[in-house]
Amino acid sequence: MHNWGLTLPHEVLLERVWVEEFAGHGPTLYAHIRWLRDKIEPDASQPIYIHTIRGTGYRFDTPPSSR
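All of the points below concern the structure found in this document.

Rules behind the numbers
- Residues numbered from 1 in each chain as written.
- Predicted model: local features only at pLDDT ≥ 70, side-chain atom pairs only at ≥ 80, totals over all residues.
- Heavy atoms only, no water.
- Phe/Tyr/Trp six-rings, centres within 6.5 Å; stacked < 30°, edge-to-face > 60°.
- Helix = DSSP H or I, 4+ residues; strand = E, 2+ residues; numbered from the N terminus.
- Buried < 20%, exposed > 50% of the residue type's maximum accessible area, 1.4 Å probe, protein only.
- Core = buried A, V, L, I, M, F, W, Y, C linked by side-chain atoms within 4.5 Å.

The tally for this structure, following the rule as stated, stands at one aromatic pair. For the ring pair Y49 and F60, a centre distance of 6.2 Å and an interplane angle of 15 degrees mean the geometry is stacked. Highlighted residues: Y49 in the loop between α2 (26-40) and β2 (50-53) and F60 in strand β3 (residues 57-60), separated in sequence by eleven residues. Overall, Y49 belongs to the partly exposed group, its relative accessible area being 25%.

Next up, the structure:
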């Protein structure tokens, strides 16, 4: 949430959350993003907070109605 509105690349998330030896372990990141969505999204299959930016990473955002 400190990086609200910024797209963070997969590599940055892996380095900041886990140690460098996890670099390249996309499936681990994808699973944790899914679990986080299950906890905070009203409908995890249609996220409004955690957006996937294809080929880049993820962005935490506010829903369009609250902007």
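This brings us to the nonpolar core. Counting residues in each nonpolar core, the largest one holds seven residues, listed as L8, L13, L14, L29, I33, I50 and Y58. Elements supplying a minimum of two residues to this core: α1 (10-17) and α2.

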